[in-house]
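What follows is the residue order along each chain.
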Amino acid sequence: MGMDRLIRRVLALLHRSSHGPISFVRHFSYKDIKKGTDGFQRIMYSNSHGTAYKAKLQDGGVALVKEVGAFDQEKDVFYREVQLLSRLHHRHLLPLRGFCTGHKTKRLLVFDNIENGSLKEHLSDPLKTPLNWRTRLQIAIGVASALEYLLLFADPPMYHVSISSSNIMLDDQFTAKVADVGLFTSVGNHITVPHASCSEECMVQEHGNIILQLGVLILELITGQCSEKGGADLIQWIQESRFASSMHKMIDPDLGNNYDSRELKNLLSVAKLCIKSGDKPKFSIPQIIHYLQKKVDIPCD
C-alpha cells in the first residue's frame, strides 16, 4: 500500500471510529515539521518518553511536536496511538492536532498551540511574566483534574503520563495543559501497552508515581524552583524535620507577600501527602482534588 493511500485510510478510520468523538487530525509533512523546528533544534523538553520541540507552523501557529521513539513496528501501532490520543478531550490536556511519519522510522505527534510556552519558562526565566498565587493554585488543580480524567475516565486509561514544569504548557489565559501523555512506551524496538501487560500491582505503582510527580509539581509552583532528577532536592526539603521553620524561606521570591498563608500550608500538606504515597498510594487523585478544592477555595473545572 502506498504512503498516501495508507495515510488517507488512517484519517478515514479516525473519522469513522465508533468509540467516541474524534477531533480532526492532520498529516503534516516531514519537511514542514523539520523547517518549523529549525531542524529539530528548538527543544522544549526531553525525558524517557521522548523529546518535544517547539515548531512555528506555516499558518503562523506555534505547536508542540513530540517525537515518539524510533521503532521497527508496523505503522498501524503508531496510528493506533494517534487514534486513541485524538479521543482525549479535557480542558487541561494539550489537544492532538496531527501527526507526521516522514523519515525512516521517525514518528512525530503534533499538538495544539502553546501561546505562553511551558510552566518551567515562567518559573525560571526572569523575562517572563511572574505567575501570581491564584494562577499557581489554578494550575495545580487543573493538572490534578487532567490526571483524574486520564486515569479514571479515558478508555483505555492512560498510565504513561509525565508531570513536571517543563511539560506543562500554558495557553493565552495561562490555563495549564498537560502535554506528555501516551498509551505506548518504547523499550528497545518493542512497544508495550501498560494496561494490557501490567499486573494490578504494576498499575498501582504507576498510579503512585503519577501522584508523586504531582506532589513535586506543587512544590515547584510554591518555590519557583524547576526540580531536576525527579524532584529529589525538593522531596528532601519537604521531608526534613525542620521543614516548617524553613517553609517561608523557600517561597518563590516572585510572589513577595502576595499569597494566602493558610492556602500555602494546605497546599504544602497536599504535596507532602502526594510524596509520601510512593509506590503504594494511600490517596487517590479524586481525593486529592477534593482536598484541594475544599482547602484553597478554587472550583474545579
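Residues numbered from 1 in each chain as written. Predicted model: local features only at pLDDT ≥ 70, side-chain atom pairs only at ≥ 80, totals over all residues. Heavy atoms only, no water.

Asks: Before we go on, may I ask you to explain the pattern of salt bridges in this structure?
Replies: Think of it this way: side chains of opposite charge can pair up when their charged atoms draw near. Per the counting criterion, the structure on display carries five salt bridges. For Glu263, the salt bridge goes to Arg134, with nearest N and O atoms at 2.8 Å. In this pair, Glu263 sits in helix α10 (residues 261-277) while Arg134 sits in helix α5 (residues 133-153), placing the two residues 129 residues apart along the sequence. On the basis of relative accessibility, which here comes to 4%, the residue Glu263 falls in the buried class. Using a relative accessible area of 36% as the deciding quantity, one classes Arg134 as partly exposed. (Salt bridge = Lys/Arg side-chain N within 4 Å of Asp/Glu carboxyl O. Helix = DSSP H or I, 4+ residues; strand = E, 2+ residues; numbered from the N terminus. Buried < 20%, exposed > 50% of the residue type's maximum accessible area, 1.4 Å probe, protein only.)

Asks: Would you explain the nonpolar core in this entry?
Replies: It is characteristic of soluble globular proteins that their nonpolar side chains tend to be buried jointly. Judged by nonpolar contacts, the single largest core of 77 residues is most densely connected at Leu64, Leu88, Val143, Val178, Val181 and Leu214. Counting residues per element, this core draws most heavily on α5, which supplies twelve residues. Discounting chain neighbours no more than four positions away, the residues touching Leu214 are Ala140, Val143, Ala144, Leu147, Cys274, Ile285 and Ile288. Grouped together as the second largest cluster of nonpolar side chains are twelve residues, Phe40, Tyr53, Ala55 and Leu57 included. (Core = buried A, V, L, I, M, F, W, Y, C linked by side-chain atoms within 4.5 Å. Contact = heavy atoms within 4.5 Å.)

Asks: Looking at this model, I keep getting lost on unusual backbone geometry. Mind explaining?
Replies: Of all residues except glycine, most have a negative phi; of all peptide bonds, most are trans. With omega at 5°, the peptide bond leading from Asp155 into Pro156 counts as cis. Within the element layout of this structure, Pro156 appears in the loop between α5 and β7 (160-161). In this structure, Phe174 takes a positive phi of about 60° despite not being glycine. Turning to its location among the elements, Phe174 is positioned in the loop between β8 (168-170) and β9 (176-178). The class of Phe174 is partly exposed, set by a relative accessible area of 25%.

Asks: What is the right way to read the packing of aromatic side chains from this model?
Replies: The way to describe two aromatic rings as a pair is by their centre distance and the angle between their planes. Applying the stated rule across the entire model yields six aromatic pairs. The interplanar angle of 70° and the centroid separation of 5.6 Å between the aromatic rings of Tyr79 and Phe99 together place this pair among those described as edge-to-face. Separated by 20 residues along the polypeptide, Tyr79 in helix α3 (residues 75-86) and Phe99 in strand β5 (residues 96-103) bring together distant segments of the chain. The buried category is assigned to Tyr79, whose relative accessible area is 4%. Where Trp133 meets Tyr259, the ring centres are 6.0 Å apart and the plane angle is 55°; that geometry is what we call tilted. Of this pair, Trp133 sits in helix α5 while Tyr259 sits in the loop between α9 (243-246) and α10, and the two are 126 residues apart along the sequence. (Phe/Tyr/Trp six-rings, centres within 6.5 Å; stacked < 30°, edge-to-face > 60°.)

Asks: What exactly am I supposed to notice about the side chain of Asp171 here?
Replies: With respect to the element layout, Asp171 can be found in the loop between β8 and β9. Buried and unpaired, Asp171 has no salt bridge, with Lys177 as the nearest side chain of opposite charge at 4.1 Å. For Asp171, the side chain forms a polar contact with the main-chain nitrogen of Thr175, separated by 2.9 Å. What Asp171 contacts, discounting residues up to four positions off in sequence, is Glu115, Asn116 and Lys177. (Lys, Arg positive; Asp, Glu negative; His and termini not counted. Polar contact = N/O pair within 3.5 Å; in protein donor to acceptor, adjacent residues only side chain to side chain.)

Asks: I keep staring at helix α8 (residues 232-239) and nothing clicks. Help me out?
Replies: Leu234, Ile235, Trp237 and Ile238 are the residues of α8 that are buried. One side of α8 holds all its buried residues, which, seen down the axis, span an arc of 160°. In this structure, α8 carries Gln236 and Gln239 as exposed residues pointing more than 90 degrees from its buried face. (Arc of directions from axis to C-beta.)

Asks: What exactly am I supposed to notice about the environment of Lys272 here?
Replies: Mapped onto the secondary structure, Lys272 falls in helix α10. Put simply, Lys272 and Val216 are 56 residues apart on the chain and 9.0 Å apart in space, counted from C-alpha to C-alpha.

Asks: I'm lost on the environment of Gly256 in this one. Help?
Replies: Note that Gly256 resides in the loop between α9 and α10. Judged by relative accessible area, which is 38%, Gly256 ranks as partly exposed. On a C-alpha basis, the gap between Gly256 and Trp133 in space is 10.0 Å, while along the polypeptide they are 123 residues apart.

Asks: Honestly, the pairing of strand β3 (residues 50-56) in this entry has me stumped. Any pointers?
Replies: Where burial is concerned, most of β3 is hidden: five out of the seven residues are buried. In terms of strand pairing, strand β2 (residues 43-47) meets β3 through four bridges, oriented antiparallel. Note on β3: the bridge partner recorded for Ile43 is Tyr53. As consecutive antiparallel partners, β2 and β3 are separated by two residues. In the sheet, β3 pairs with strand β4 (residues 62-68) via five bridges, with the strands oriented antiparallel. Pairing of Lys56 across the sheet is with Val62, part of β4. Count of turn residues in the β3/β4 antiparallel hairpin: five residues, of which Gly60 carries a positive phi of about 95°. (Pairing = 2+ DSSP bridges.)

Asks: Help me understand helix α11 (residues 285-296) in this model?
Replies: Because the α-helix completes a turn every 3.6 residues, residues three or four places apart line up on one side. The terminal C-alpha atoms of α11, which comprises twelve residues, lie 16 Å apart, in line with the 16 Å expected from a rise of 1.5 Å per residue. Every buried residue of α11 is listed here: Ile285, Ile288, Ile289, Leu292 and Val296. Considered in projection along α11, the buried side chains sweep an arc of 100° and stay on one side of the axis. Those residues of α11 that are exposed and angled more than 90 degrees off the buried face are His290 and Lys294. (Expected span 1.5 Å × (residues − 1).)

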